[in-house]
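A structural walkthrough
Residues per chain, in single letters:
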Amino acid sequence: MRPAGWLALVSVLYGLAQLILVSPWLGIGWDEAVYASQVASHAPPAVWSAPRAQGVPLLVAPVVAVTDSVLVLRLYLTVVSLLALFGAFFVWTRILAGPVTAVAALLFGGCWLSLFYGNEAMPNLYTALAAVAATGFVILAGRWRWAPVGLAVALAVMSLMRPSDALVAAAVLAVAVFFVVDRGRPVVLAAIAAGLAVGWGQWAAEAQQRFGGPAARLRDAGEHNGTGWAFSVTEHARALDGPTLCRFGTDCGPVSPVALAWWVAIPLMAALGLWAARRAHRFGPVALAVVTGVALALPYLFYVSYAAPRFLMPVYALLSIAVAEAVVAGLRGRRALQVVVATGLVAHLALQGAYGHRMAAINRDGRDMIGAVAGELRRAGVRPPCMVYGESGVQLGYLLGCHSQGIIQRFAERPPSRIRRSLDRDDRLVLVHKDVPLPPYVEGWRSIELPGRWQARFPAQGERP
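1. Describing the side chain of R52
When you line up the elements, R52 lands in the loop between α2 (30-37) and α3 (55-64). Note on R52: relative accessible area 12%, which makes it buried. One polar contact links R52 to D31, side chain to side chain, over a distance of 2.7 Å. Excluding residues that lie within four positions of it along the chain, R52 makes contacts with W30, D31, V34, Y35, E206 and R217.

2. Comments concerning the nonpolar core
Residues V60, F89, W92, F108, L151, Y316 and I321 are the most contacted members of the largest nonpolar core, which totals 127 residues. The element that contributes the greatest number of residues to this core is helix α7 (residues 124-140), accounting for 13 residues. Setting aside chain neighbours within four positions, we find V60 in contact with A36, V39, L73, Y76, L77 and A121. In terms of nonpolar packing, the next biggest core, distinct from the first, is built from 17 residues, V382, L400, A456 and F458 among them.

3. A word on the packing of helix α1 (residues 3-22) against helix α4 (residues 70-93)
Between α1 and α4, the shortest axis-to-axis distance is 9 Å and the interhelical angle comes to 155 degrees. Considering their axes alone, α1 and α4 lie roughly antiparallel with respect to each other. Crossing of α1 over α4 shows right-handed handedness. Contacts between α1 and α4 involve P3, A4, L7, A8, S11, Y14, G15, Q18 and L19 on the former and, on the latter, L75, T78, S81, L82, L85, F86, F89, F90 and T93. Across the contact of α1 with α4, the residue classes tally to 12 nonpolar, 6 polar and no charged.

4. Some words on the pattern of salt bridges
Per the stated rule, a full pass over the model turns up 11 salt bridges. The shortest N-O distance in the salt bridge between R74 and E120 comes to 3.6 Å. Taken together, the positions of R74 in helix α4 and E120 in the loop between α6 (112-117) and α7 put the pair 46 residues apart, joining distant regions of the chain. An identical accessibility class is assigned to R74 and E120; each is buried. Residues joined by salt bridges that share partners form a network here, namely E32, R74, E120 and R367.

Calculation criteria
Per-chain numbering applies: the sequence of each chain, read as written, is numbered from 1 onward. The predicted nature of this model means local features are confined to residues of pLDDT at least 70 and side-chain atom pairs, given and counted, to a pLDDT of 80 or more, with totals for whole chains, interfaces and linings taken over all residues. Each side-chain value is derived from all of the structure's non-hydrogen atoms; neither hydrogens nor water enter the calculation. Secondary structure counts use DSSP, requiring at least four H or I residues in a row for a helix and at least two E residues in a row for a strand, with both numbered from the N terminus. A 1.4 Å probe rolled over the protein chains alone gives each residue an accessible area, and that area as a share of the maximum for its type sets the label: buried under 20%, exposed over 50%, partly exposed in between. Distance and chemistry together define a polar contact, namely a pair of N or O atoms within 3.5 Å, with one atom able to donate a hydrogen and the other to accept it when in protein, and with adjacent residues in sequence counting only for side-chain atoms on both sides. The contact criterion used throughout is that any non-hydrogen atoms of two residues lie within 4.5 Å. Buried Ala, Val, Leu, Ile, Met, Phe, Trp, Tyr and Cys residues form a nonpolar core when they are joined through side-chain atoms within 4.5 Å. Axes, fitted as lines to C-alpha atoms, cover a helix only where it is in contact. Angles between the N-to-C directions of the axes lie from 0 to 180 degrees. In these notes the angle categories are as follows: under 35 degrees is roughly parallel, over 145 is roughly antiparallel, 65 to 115 is roughly perpendicular, and the rest is oblique. Crossing handedness is defined as follows: a turn of the near helix away from the far one that is anticlockwise and smaller than a right angle gives a left-handed crossing, while the clockwise case is right-handed. Gly is placed with the polar residues, together with every amino acid not listed as nonpolar (Ala, Val, Leu, Ile, Met, Phe, Trp, Tyr, Cys and Pro) or charged (Asp, Glu, Lys and Arg). A pair is scored as a salt bridge if a Lys or Arg side-chain nitrogen falls within 4 Å of a carboxyl oxygen belonging to Asp or Glu.

In structure tokens, the structure reads:
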């Protein structure tokens, strides 16, 4: 079978693994609801914060504009993600001979992050795959006339998904142009600039419209993300096997020795892959992937003050190329080495598959309960026009077709302005809570019990908190 055939098989298996290990029936998450609500036909847009970008709303628009079915959204994203995996690594079949590209796709697609986020409406998987494609297109720029077009498209996708990641990758690739491209450098540099201009241009226009200008948006985003000199390596090590976010009081727990051994093996295998690539006379392309991946890791390890495992997905995607070089070289070695490498590959897939399945199960319990709460609120008469305020308010608002104001740790001491405006519009207001103490202004509001120890509070008609 040709390399593209093996890659296609890996991509199909990746899609099937999502359906089996994660499940398309997983409910909608907080960030997903924010993204999807921006273009949904059935729900008003949720609050849009400064760090977010419009790539995911554009991605999910064909589905959420016509249906509120989360199942349909999951199936759609499963197909899109497997096609994106194939497309990103297919670029590298023109660069690396043999099964290296398919093995790299298998390594990355087999990570629990790729499995869990494959059918999630989140930007990180597509940022990672766009980075893989962009790096490949830079290498191909001197030998394929359409490579600059592909480069511009890949960086446009990346900059729409995660503008800051795209800027880091573009800086590395722009420098690399002077070393790996022999002719047509201005065209390649123009392609990099054009790709960045798509996402950053949209970001700047939105900054002016919503946030008072680019400078104000950058300050707002920095405050939201807690940026500045930080050392988050330990937090990322603790989050290797979950949870999905180490912030807002969520304890990442201790470092798992097994997960840490997997993490440490990545740079070691990447170094062996660089050595193998040098022996095979393709050191330059593999080295560029490694350098770009390391550059993308630095901001999240030393500039963002908290950890979310998905932030490092572009790093894993790019390093998978070097690791695949080591795996293929090992499988071509002596029998004892073949056994060791094959065992390591199977262990990687088994470990990461188990993590993905566990993370899906953990999230499924909470999201199923949110779906049950939404159903009970619907039976209690919550219909548009309405406003949901409280814990998981963003997901509940999306499911019910209501405006929303979500909280994580506490209610505001006074009703937020969006809540007051909602009451002025005579929207049906419902306050939902489970673990967070209630604010004093809801004393006397009518209360109803909801599934899973949740409660809802409704103000009397005409009452203003």
